[in-house]
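Chain by chain, the residues:
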Amino acid sequence: MVKPKKVLDTKLWDKFANDLEVQLAILKQGTKIAFFVGECMEKYMKLALKEAYKAFDKDEVPIGALIVLDGKVIARAHNLRELKENAIAHAEILCIQKACKKLD
């Protein structure tokens, strides 16, 4: 994977140059670098998949999304485009909207 331009700690990035899972999980929060690897990453992926299954059960495109802040899930959602007859009712958009409401 090519090093993103915004990675602040290049030594840390280079340390995990051969670990795609870790590189994909590096999140920049201000000046902090947070890692979600192994069991933690798997836990969040399972939660996103649960949301995707909810969409599938509603005959939607099976996509789920969640937002994690400080290790806690603050929002989760799944596609509702067909059910709501709304072209922007994507899982990601709905999830961001929920997170914004929660953080206000």
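Everything below is about the structure printed above this text.
The rules behind each value
Residues numbered from 1 in each chain as written. Predicted model: local features only at pLDDT ≥ 70, side-chain atom pairs only at ≥ 80, totals over all residues. Heavy atoms only, no water. Helix = DSSP H or I, 4+ residues; strand = E, 2+ residues; numbered from the N terminus. Contact = heavy atoms within 4.5 Å. Salt bridge = Lys/Arg side-chain N within 4 Å of Asp/Glu carboxyl O. Buried < 20%, exposed > 50% of the residue type's maximum accessible area, 1.4 Å probe, protein only.

Engineer: Describe the environment of V61, with residues and values.
Structural biologist: The residue V61 is located in the loop between α3 (38–57) and β3 (64–69) in this model. Along the chain, V61 and L80 lie 19 residues apart, while their C-alpha atoms are 8.4 Å from each other. Beyond its immediate sequence surroundings of up to four residues, V61 is in contact with A55 and N79.

Engineer: So what about the pattern of salt bridges? Which residues, and what values?
Structural biologist: Tallying each qualifying case throughout the model produces one salt bridge. Between E51 and K54 there is a salt bridge, and its shortest N-O distance comes to 3.0 Å. With E51 and K54 both in helix α3 and three residues apart, the pair spans about one turn of that helix. In this structure E51 comes out as buried when scored by relative accessible area, which is 3%. K54 gets classed as partly exposed once you look at its relative accessible area, which sits at 39%.

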